[in-house]
Amino acid sequence: MTTYYLIRHGETEANQSGILQGHLDVPLSDTGRKQAELAARALSQVEFDEIYSSDLCRAMETARIILAGQENKRAAVVNPEEGVREINCGVLQGKTLAEAEKIWPEVYKELKRDPLNAPRPGGESYLDFYRRAVAAFERIRESVRRKGLTEGAVAIVAHGGTIRSLLAYAKGQVVNPASEAVANCSISVVKEEGSSLAIVKENCVEHLLALGFDPREKAQMYRW
């Protein structure tokens, strides 16, 4: 059955500062490009049949670096998929959690009290986001089935929240916004087993450690 590789985009300058990016369209930092190149090297022999990506540039840039590193070139292009974008943070976009708490204390308090269901003004609740990400994943799975690629490998380059949601879905759970956040350019692997999904690898960063730091530590600033 199809194996799905879930890859978070490389680091951005906003990630370094702990800024909630949401739907803000920002490029990779120099470190993020190095991370993407290391991920591409680690995935160079996987033989992807298809590569999908969030349409935001930090994900598309990462996906194109991964595509360029493919040895077999079976996947010809990166397919943009808006549905796997990060959560829409509404008025919180462009702020750190500390800034959000100071500017919108009641909103922040409600998000801490009920991180799954509380809405972000002008944006999404985490539950709505989870449902959107899962629907996009199922669209990709259906497209893969229609194309007859049911024994192949598919890459999905997305965001921390998106991958957290899809890993929860693979476990048969609703996402927990307080659960471990996946690192920039980490690789998680989900394999179809009949009608079920099984996690083969989760938040793997071994290919990134040559940069001299563990990116999993920094990712935890995005836990609610």
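As the structure is a prediction and not an experimental result, all values here were calculated from the model.

K.L.:
Give a description of the pairing of strand β5 (residues 187–193) that names residues and reports values.
P.N.:
Along β5, 5 of the 7 residues are buried, which leaves the element largely enclosed by surrounding structure. Where β5 folds back on strand β6 (residues 196–204), the antiparallel hairpin that results is connected by 2 residues, among which G194 adopts a positive phi of roughly 65°.

K.L.:
Tell me about the sheet that holds β5, residues and numbers included.
P.N.:
Taking strand neighbours across the sheet as the criterion, the 6 strands line up as β3-β2-β4-β1-β5-β6 in an open arrangement whose pairing is mixed. Since the sheet does not close on itself, it has two edges, and those belong to β3 (78–80) and β6, each with one partner. Mean inter-strand twist for the sheet, computed between neighbouring axes without regard to direction, equals 20°. Taken together, the 5 bridges between strand β1 (residues 3–8) and β5 define a ladder with antiparallel strand orientation. Directly across from Y4, in β5, lies its bridge partner V190. With respect to the sheet, helix α7 (residues 160–170) is in contact with β1, β4 (153–158), β5 and β6, its orientation differing from that of β1 by roughly 150°.

K.L.:
Would you mind going over unusual backbone geometry in detail, with residue names and values included?
P.N.:
The phi dihedral of E47 is positive, around 65°, even though this residue is not glycine. For E47, the location among the structural elements is in the loop between α2 (30–42) and β2 (48–53). The residue N203 is not glycine, and still its phi comes out positive at about 55°. On the secondary structure map, N203 appears in strand β6.

K.L.:
Report on the pattern of salt bridges, specifying residues and quantitative values.
P.N.:
Applying the stated rule across the entire model yields 16 salt bridges. Note that E142 and R145 form a salt bridge whose closest N and O atoms lie 3.3 Å from each other. Taken as a pair, E142 and R145 lie in helix α6 (residues 126–146) at a separation of 3 residues, close to a single helical turn. The class for E142 is partly exposed, based on a relative accessible area of 33%.

K.L.:
Tell me about the nonpolar core, residues and numbers included.
P.N.:
With 38 residues, the main nonpolar core has Y4, L6, I140, V154 and I156 as its most contacted residues. Secondary-structure elements contributing two or more residues to this core are β1, α4 (97–103), α5 (105–113), α6, β4 and α7. Considering every element that reaches this core, the biggest residue donor is α6, with 10 residues. Core analysis: the next-biggest nonpolar cluster, separate from the first, contains 18 residues, A40, I51, I187 and V189 among them.

K.L.:
Tell me about the side chain of H9, and please be specific about residues and values.
P.N.:
By secondary structure assignment, the location of H9 is in the loop between β1 and α1 (13–17). Among residues more than four places away in sequence, those in contact with H9 are N15, Q21, R58, A59, T62, V157, A158, H159, N184 and C185.

K.L.:
Before we move on, could you go through the pairing of β6 and cite the residues and values that matter?
P.N.:
Sheet topology note: the β5/β6 ladder contains 6 bridges and is antiparallel. By the bridge assignment for β6, E193 is matched with S196.

K.L.:
Give me the lowdown on the state of the cysteines, citing residues and values where you can.
P.N.:
Disulfide: a covalent bond formed between the sulfur atoms of two cysteine residues. Per the counting criterion, the structure on display carries 0 disulfides. In this structure C57 is not part of a disulfide, and its nearest cysteine sulfur, from C185, lies 14 Å away. Overall, the relative accessible area of 26% leaves C57 in the partly exposed class. Here C185 is not disulfide-linked; the sulfur of C204 is the nearest cysteine sulfur, at 12 Å.

K.L.:
Tell me about α2, and name the residues and values.
P.N.:
The end-to-end C-alpha distance of α2, which contains 13 residues, comes to 19 Å, matching closely the 18 Å that a straight helix rising 1.5 Å per residue would cover. When α2 is considered as a whole, its buried residues turn out to be G32, Q35, A36, L38, A39 and A40. Summarising the contacts, the buried residues of α2 are in contact with α3 (57–68) and α8 (215–219).

Reading guide: rules and limits
Residues numbered from 1 in each chain as written. Predicted model: local features only at pLDDT ≥ 70, side-chain atom pairs only at ≥ 80, totals over all residues. Heavy atoms only, no water. Buried < 20%, exposed > 50% of the residue type's maximum accessible area, 1.4 Å probe, protein only. Helix = DSSP H or I, 4+ residues; strand = E, 2+ residues; numbered from the N terminus. Pairing = 2+ DSSP bridges. Axes fitted to C-alpha atoms, helices over the stretch in contact; angles between N-to-C directions. Contact = heavy atoms within 4.5 Å. Salt bridge = Lys/Arg side-chain N within 4 Å of Asp/Glu carboxyl O. Core = buried A, V, L, I, M, F, W, Y, C linked by side-chain atoms within 4.5 Å. Disulfide = S-S within 2.5 Å. Expected span 1.5 Å × (residues − 1).

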